[in-house]
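# Descriptive analysis of the structure
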Amino acid sequence: MSSSLRAMHTGSHTLEISGIRKEYPGTIALRDVSMTLAGGKVHVLLGKNGAGKSTLVKILAGAVLPTAGRILLDGSTVDLRSPRDSLHQGIAAVHQELSLVPELTVAENILLGRFPLHRKRPRIFIDWNRTFQEAGEVLMQLGARVDVRQRAATLGVAQQQIVEIAKAMSYNPSVLILDEPTSALAHRETEALFGLLRGLASRGVVLVYITHRLEEIHRIADTVTVFRDGEIAGSFPVDAATPGMIARHMFGGTVQRRRPPGLQVSRDPVMELRGFSRSPVFENISFTLYAGEILGIAGVLGSGRTELLRSIFGADPHDAGNLLLKDTSVVPRSPRQMKRLGVALAPEKRKEEGLVQILSTGTNVCLASLRKVSRRGFVTRAREDDVARGYVRDLDIVTPGLDSPVSSLSGGNQQKVVIAKWLNTDPCVILFDEPTRGVDVEAKQHLFEVVWDLSKRGISAIVVSSELEELFDVCHRILVMKKGRITDEILPHESTVEHLLSVCMQ
Amino acid sequence: MTLTSRSLSSVVLEIILVLLCGVLALIAPGFFTADNILNVLRNISMQGLIALGMTMVIISGEIDLSVGSMVAFAGCFAAFLTGHLGGPDGPLGIVPAVSLSICATLILASLVGGLTALLRTRYGVPSFITTLALLTGLTGAAELITNGFPLTPFPEWYNFIGGGYVIGIPFPALIFLSAFLIVQILMTSTSFGRAVYAVGGNAEAARLSGIDVDRVKLIVLMTTAMMAAASGIMQSSEIMSGTATTAKGWELDIIAAVIIGGTSLSGGVGRVWGTMVGMIFLGVIMNGMTLLNISEYWQHVVRGALILSAVLINRLQQPSPVHG
């Protein structure tokens, strides 16, 4: 491993992707994607979750091997078998989740695993002077003012993001990939980041930029490429990228089952929020949910939507406001209490929070209703399996067997097990947090039908999702949430997806 | 994995145990006699009782390192109380004094277990740390109470608890077997058992399913501390004294038996029956080696090898973790 940094390259680079294909058991994530990305430009990739752009990033970063296809950097094929390969070939990625070691200094984080060693003493000692100097140089070239001796834990999110970028830049990459780098940044910090990216581009680096924020595109992009269903739906210069154009390419002609017309909302309020707050995550949230209503909440990552659901469910605290369940004031304190009052939560992190992966499907279905399933405290496998079998039939859950661990089920079926778990508690409101994440198209349709069925039975739902067109098709009403506040209310039958998209992304 | 090979691999330990017994019956003089079998049963009963509680604790994702010290402390504390309440100058007769001492010891022990749970659930202090502190703390307390000498206030009949027989079976073995039945049913067929597995498998998912995670941890830690104290009373009865140096290192034997029985230290996985088998396994091996006149030093080495190979067999049976 080289102990010192290579000199920064000044020529312009080209990244060529040729026929890249990625197949997973059961699905194809990328279908023979080819594109050429020129250096000196910022290439924005757009697409819904699961459209294939993150798979492409993972392949470029060496985290995932493609099933077929070639990647050429400056005309020659590169073999990317691990993240290390990618870095040493000159492709660096900054992922959405920050990955600094909090107790190490900025300099140590930047040069982690590649510390310069003392030239005179035995070559096992770190040369701290050079470590700080080299890290300082990288930051200076980025025009960033961060103290290299500061511990990473003391940095704000924006500064951490800059250190991540500096770490990537210290490999002197020809290609720099940024996956939603601004989702945690304030406006001013975003501006600073954009300035920095412009500077990098002017040195000939190929910049790949992934975002969900439409308004950023015109401030940073040179070209826009839209992914849909593992293919490139369209690629055009930024001047041609109007919101309508982008929406058309993103959503295309996808045929989606619409909410059945007979689905009526009653005028009986089930849940009412008044000035519900948890500063600074969400503030002054007020709305009324009616029996059988499917209420959508649209908003980007970090808008406070997940936290809102968790506070309603009593999993997290709240600090102001009222919650009324059927006209009775309730202070949510614990999931246990809210469960008894008929509220259920299908959490965003299904695997980590929704199910106990090592336990069987049957046990998981009964997990929230142990009291109901048991007789005088006793519960048998057979009883659990009886209960579970009913839901497997009703919700069409595909399982290798009720005895097998729930981890052996696909994402969509696991989500159905979560729903089954809550249905067995006889809820009146189910809170769905990103219910379709990691779920294939067909399973999504099943999930929607389940939600509609619940609505028919008078069970209300609050659905949080970043998949706008899904909300549009599934919900009676959509609230738009931004930076912890509700900013808009949209009725799907009086509006268009394009309108919702532009409201959300402004 | 086919169904037959799966059901076969789940009894692999039982098969090895049967083979081991077969071999020992052939080569070890006096192994396969009623006396010796009862002897093995008595030897494993006091540790085994604690191992049952430990199984619940480990399945729930916690650990208790203080059980050995608790055995010593409980014996000393019971002896101390008996001596003061029922001695020549004491306020009570010897029968009420012993009964009261036993009750007080069990209650105090469960409070200590409750403290571990409270520190874990309220302040996030890992049970590993709290019980490590209790491991030395309780030993120290036992030494303080006894001033370093065995206390011998017990009446003759007290010896029954640890050394007596009921229809030819050692009394501690009866206690152990009844406790086994209760814990086995508790863990396999009650909603509480399900909650223990859920809490250890994924505490957050359990909490979000409305399970009272704190209460589950409180109950299993209190129960185990109380079982350790019960074992300590039986131990003090067997040796007819409260001795601070007794049961040193038991926690390791007990945890070893639980792990050999297939319970995962990361929580959520384990069987009470497995602990029973693990306990018998250890008892039989130690007994066999003693009968064969193999030195105690070798017994330690063999026990170490056993723990490692049992866990390895367990790992090899499990499918490799899925990455996604």
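Residues numbered from 1 in each chain as written. Chains lettered and ligands numbered in written order. Predicted model: local features only at pLDDT ≥ 70, side-chain atom pairs only at ≥ 80, totals over all residues. Heavy atoms only, no water.

## As for the interface of chain B and chain A
- Residue-level contacts link 22 residues of chain B with 31 residues of chain A.
- Buried surface at the junction of chain B and chain A, summed over both partners, amounts to about 1,900 Å²; 59% is from carbon and sulfur atoms.
- Summed over the shared surface of chain B and chain A, the number is three salt bridges.
- The partner of arginine 336 of chain A in a salt bridge is aspartate 212 of chain B, and the shortest N-O contact between them spans 3.8 Å.
- At the boundary of chain B with chain A, the tally comes to ten residue pairs in polar contact (both at pLDDT 80 or more).
- At the level of secondary structure, the elements contributing two or more residues to the side of chain B that touches chain A comprise α8 (171–189), α9 (191–201) and α10 (203–208) of chain B.
- It is α9 of chain B that provides the largest number of residues to the side of chain B that touches chain A, a total of six residues.
- Tallied by class, the residues present in the side of chain B that touches chain A amount to eight nonpolar, ten polar and four charged. (Contact = heavy atoms within 4.5 Å. Buried area = accessible area lost by both parts, 1.4 Å probe. Salt bridge = Lys/Arg side-chain N within 4 Å of Asp/Glu carboxyl O. Polar contact = N/O pair within 3.5 Å; in protein donor to acceptor, adjacent residues only side chain to side chain. Helix = DSSP H or I, 4+ residues; strand = E, 2+ residues; numbered from the N terminus. Nonpolar A, V, L, I, M, F, W, Y, C, P; charged D, E, K, R; others polar.)

## As for the sheet that holds strand β19 (residues 477–482) of chain A
Residues and elements named next belong to chain A.
- Within the open sheet, the six strands sit side by side as β16-β17-β18-β13-β19-β20. Their pairing is mixed. Unpaired on one side and paired on the other, β16 (343–346) and β20 (485–490) mark the two borders of the sheet. Averaged over all neighbouring strand pairs, the angle between strand axes comes to 20°, with direction disregarded.
- The sheet contact formed by strand β13 (residues 294–298) and strand β18 (residues 460–465) spans five bridges and is parallel. Counterpart to alanine 298 in the pairing with β18 is serine 465. (Pairing = 2+ DSSP bridges. Axes fitted to C-alpha atoms, helices over the stretch in contact; angles between N-to-C directions.)

## Focus: the packing of helix α12 (residues 250–260) of chain B against helix α13 (residues 272–291) of chain B
Residues and elements named next belong to chain B.
- At a closest axis distance of 7 Å, the pairing of α12 and α13 adopts a crossing angle of 120°. Considering their axes alone, α12 and α13 lie oblique with respect to each other. Two packed elements cross with a definite hand, and for α12 against α13 that hand is right-handed. Contact residues: Asp253, Ala256, Ala257, Val258 and Ile260 in α12; Thr275, Gly278, Met279 and Leu282 in α13. (Parallel < 35°, antiparallel > 145°, perpendicular 65-115°, else oblique. Left-handed = near helix turned anticlockwise from the far one by under 90°.)

The quantities given are spatial measurements derived from coordinates; they are silent on function.
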